[in-house]
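Letter by letter, the chains look like this.
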Amino acid sequence: MVNSANIPVIDISNPSPDTAQEVLSAASTHGFLFIRNDGSTIPQDDITQMFNLSRTFFTQPTASKSTHSIHTPAAGGKNRGWVTMQGEALDPDAQKTGDPKEAFNIAPPFPTLQPLPPVLQSSSALISRFQTRCHAFCNTILTLLASALSISDADGGSTWFARRHDQARGPSGTIFRMLYYPATQRGGDDESVRAGAHSDYGSVTLLFRLPGQPGLEILRPDGMWAGVPVNPAPDALGAPPILVNIGDLLSFWTGGMLKSTVHRVAFSGGEERYSMAYFCHPLDDAELETVPSKVVAERGDAAELERQRQRLGLREGGGKGMTAKEHLDRRLKVTYGLED
Ligand SMILES: O=C(O)CCC(=O)C(=O)O
Ligand SMILES: [Fe+2]
């Protein structure tokens, strides 16, 4: 390791066409961008309360968490509920054991919030509000991206992506995840990681981390890992900005122009660490066609797209004509060793 990743911080409080271009530029070079949090969509107080809730949940005894184990009917079914230590591997080809972390996955509160353990259930209003605000934030990013891609109004204009993420129109793979990495002695070498190298499976991810708890690294085009600071400018920004990263689906939709960058969580000291991720996915039946944009026609990156397909184990040219749900089901199968 490790050079700092140099990801730009963008202020979207008064968005202009230039703001949209900045977002597009960061998404098509780094695949990661910081958005200054002015609190208008996701208040800092909600973030703090969610981290407190997460700590309250994960510090419970195993018996209180395992009642809602991932994929079980008690937790509301597939990809919902508690993931035990080493219960999943994000990079199964490279990892001998699963990630040394715990997680709790919560699906969107539509039509109702999934069944939750008592500690979480008693904060269901906070959880639902947080999810709704994260989704609105994702739609703002998706709208900025679509407007920078100059999609014609006849084709859906700046709502091209956001329409495909309208949760009122049907089910999606969107999932909110609280993560806990217990303190550990392990680490130090390059192979042992807290979360294996992967790209995210959805369209955009929002990532919340805590000051003093580093570890996230992105893979640079030159093959080096670069650390992503929790707060790149504490004096200017105060609270950490919201870290946004592009997932596989936006890369598919833009012919490889937007980068679904590989990242991981390294030990970096091994102290206990909490994070939260909002994985925004389109509606299940959204097709992974190429977005009708002349910018994509000019700046699509066929070689990058092919590398991504290979990394994801898709046949040459594969992935075309897939729906969002088909892609997610494939990824979950690999991550959890799930059978159909
Ligand atoms: O915990 C983190 O900082 C990142 C986790 C991550 O990349 C993921 O869960 O997809
Ligand atoms: Fe990730």
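Residues numbered from 1 in each chain as written. Chains lettered and ligands numbered in written order. Predicted model: local features only at pLDDT ≥ 70, side-chain atom pairs only at ≥ 80, totals over all residues. Heavy atoms only, no water.

**Here we look at the overall build of the protein**
Moving on, step 1. When helices and strands are tallied, the protein shows 11 helices and 13 strands.
Moving on, step 2. The C-alpha extent of the protein, read off along each of the three principal axes, is 55 × 45 × 45 Å.
Moving on, step 3. Of the contacts formed within the protein by residues at least 6 apart in sequence, a portion of 76% connects residues at least 24 apart.
Moving on, step 4. Carbon and sulfur atoms make up 50% of the accessible area of the protein, which totals about 14500 Å².
Moving on, step 5. Taken as two groups, the 31 positive and 37 negative side-chain charges of the protein have centres that lie 2 Å from each other. (Helix = DSSP H or I, 4+ residues; strand = E, 2+ residues; numbered from the N terminus. Contact = heavy atoms within 4.5 Å. Areas by Shrake-Rupley, 256 points an atom, 1.4 Å probe, with all protein chains shown as cover. Lys, Arg positive; Asp, Glu negative; His and termini not counted. Charge placed at Lys NZ, Arg CZ, Asp CG, Glu CD.)

**Looking at helix α11 (residues 324–336)**
Owing to its 3.6 residues per turn, the α-helix aligns residues three or four sequence positions apart on the same side.
Moving on, step 1. Its 13 residues give α11 an end-to-end C-alpha distance of 18 Å, which sits within 8% of 18 Å, the value for a rise of 1.5 Å per residue.
Moving on, step 2. On its buried face, α11 sits against β4 (81–83), β5 (102–106), β6 (175–181) and α8 (248–253).
Moving on, step 3. Backbone geometry just after α11 places G337 at a positive phi near 65°. (Expected span 1.5 Å × (residues − 1).)

**Some thoughts on the nonpolar core**
Moving on, step 1. Among the nonpolar cores identified, the biggest contains 67 residues, and L145, F161, L206 and F208 are the most heavily contacted of them.
Moving on, step 2. A per-element tally of this core places helix α5 (residues 124–148) first, with 12 residues.
Moving on, step 3. Ignoring anything within four residues of it in the chain, the contact list for L145 reads V23, L24, A27, F161, I246, L250 and L258. (Core = buried A, V, L, I, M, F, W, Y, C linked by side-chain atoms within 4.5 Å. Buried < 20%, exposed > 50% of the residue type's maximum accessible area, 1.4 Å probe, protein only.)

**A short note on the pattern of salt bridges**
Moving on, step 1. Scanning the entire structure with this criterion turns up 14 salt bridges.
Moving on, step 2. The shortest N-O distance in the salt bridge between K65 and E102 comes to 2.9 Å. Placement of K65 in helix α3 (residues 62–65) and of E102 in strand β5 is noted, with a sequence separation of 37 residues between them. When sorted by exposure, K65 lands in the same class as E102, which is buried.
Moving on, step 3. A salt bridge links D329 to K78, with the shortest nitrogen-to-oxygen separation between them at 3.3 Å. Of this pair, D329 sits in helix α11 while K78 sits in the loop between α3 and β4, and the two are 251 residues apart along the sequence.
Moving on, step 4. Judged by relative accessible area, which is 25%, D329 ranks as partly exposed. (Salt bridge = Lys/Arg side-chain N within 4 Å of Asp/Glu carboxyl O.)

**Considering the site of ligand 1**
Moving on, step 1. Around ligand 1, the neighbouring residues are L179, Y181, H198, D200, L207, R209, L216, H263, V265, R273, S275 and F279.
Moving on, step 2. Here an oxygen atom of ligand 1 sits 3.2 Å away from a polar atom, N or O, in the side chain of D200.
Moving on, step 3. At 2.7 Å, a side-chain N or O of S275 approaches an oxygen atom of ligand 1.
Moving on, step 4. Listed by contribution, the elements that provide at least two residues to the shell around ligand 1 are β6, β8 (204–209), β12 (263–266) and β13 (273–280).
Moving on, step 5. Here the shell around ligand 1 takes 3 residues from β13, the largest share from any one element. (Near = heavy atom within 4 Å. Polar contact = N/O pair within 3.5 Å; in protein donor to acceptor, adjacent residues only side chain to side chain.)

**Quick look at the sheet that holds β6**
Moving on, step 1. Strand order in the open sheet formed by 8 strands is β2-β3-β11-β8-β13-β6-β5-β4, and the pairing between neighbours is mixed. Of all strands in the sheet, those with a lone pairing partner are β2 (9–10) and β4, marking the two edges.
Moving on, step 2. In terms of strand pairing, β8 meets strand β11 (residues 242–246) through 4 bridges, oriented antiparallel. Following the sheet pairing, V204 is matched in β11 by I246.
Moving on, step 3. Sheet strands touched by helix α2 (residues 44–58): β4, β5, β6, β8 and β13. Its angle to β13, the strand with the most contacts, is close to 115°.
Moving on, step 4. Against the sheet, α5 touches β3 (32–35), β5, β6, β8, β11 and β13, its axis set at about 125° to β8. (Pairing = 2+ DSSP bridges. Axes fitted to C-alpha atoms, helices over the stretch in contact; angles between N-to-C directions.)

**Side note on the coordination of the iron ion (ligand 2)**
Moving on, step 1. Only H198 (NE2), D200 (OD) and H263 (NE2) from the protein reach the iron ion (ligand 2) as donors, at distances of 2.1 to 2.2 Å.
Moving on, step 2. Written as a sequence motif, the donor arrangement for the iron ion (ligand 2) is H-x1-D-x62-H. A single burial state applies to H198 and to D200, both of which are buried. (Donors = N, O, S within 2.8 Å, 3.2 Å for Na, K, Ca; no water.)

**Looking at helix α1 (residues 17–29)**
Moving on, step 1. Along its 13 residues, α1 runs 18 Å from first to last C-alpha, staying within 8% of the 18 Å computed at 1.5 Å per residue.
Moving on, step 2. Lining the buried residues of α1 we find β2, β3, α5, β11 and α9 (294–299).

**A short note on the state of the cysteines**
Moving on, step 1. Enumeration according to the criterion identifies 0 disulfides in this entry.
Moving on, step 2. Its sulfur unpaired, C134 is 6.7 Å from the next cysteine sulfur, which belongs to C138.
Moving on, step 3. By relative accessible area, which is 0% here, C134 ends up buried.
Moving on, step 4. With no disulfide of its own, C280 lies 3.9 Å from the sulfur of C138, the closest cysteine sulfur. (Disulfide = S-S within 2.5 Å.)

**A few points about the environment of Q131**
Moving on, step 1. Among the secondary structure elements, Q131 is positioned in helix α5.
Moving on, step 2. Separated by 89 residues in the primary sequence, Q131 and I42 place their C-alpha atoms 9.7 Å from one another.
Moving on, step 3. Setting aside its immediate chain neighbours within four residues, Q131 contacts I106, A107, P108, P109, L113, F176 and Y278.

**Comments concerning a negative patch on the surface**
Moving on, step 1. Where like charges cluster on the molecular surface, the negative patch consists of D11, D18, E22 and D38.
Moving on, step 2. Among the secondary structure elements, D38 is positioned in the loop between β3 and α2. (Patch = residues over 30% accessible without salt bridge, like charges linked within 9 Å, V, L, I, M, F, W, Y side chains within 5 Å.)

**Considering unusual backbone geometry**
Moving on, step 1. In this structure, P111 follows F110 across a cis peptide bond, with omega equal to -10°.
Moving on, step 2. Position of P111 relative to the elements: it lies in the loop between β5 and α4 (118–121).
Moving on, step 3. Its identity is not glycine, yet H71 carries a phi of approximately 70°, on the positive side.
Moving on, step 4. For H71, the location among the structural elements is in the loop between α3 and β4.

Function cannot be inferred from these measures alone, as they are strictly geometric.
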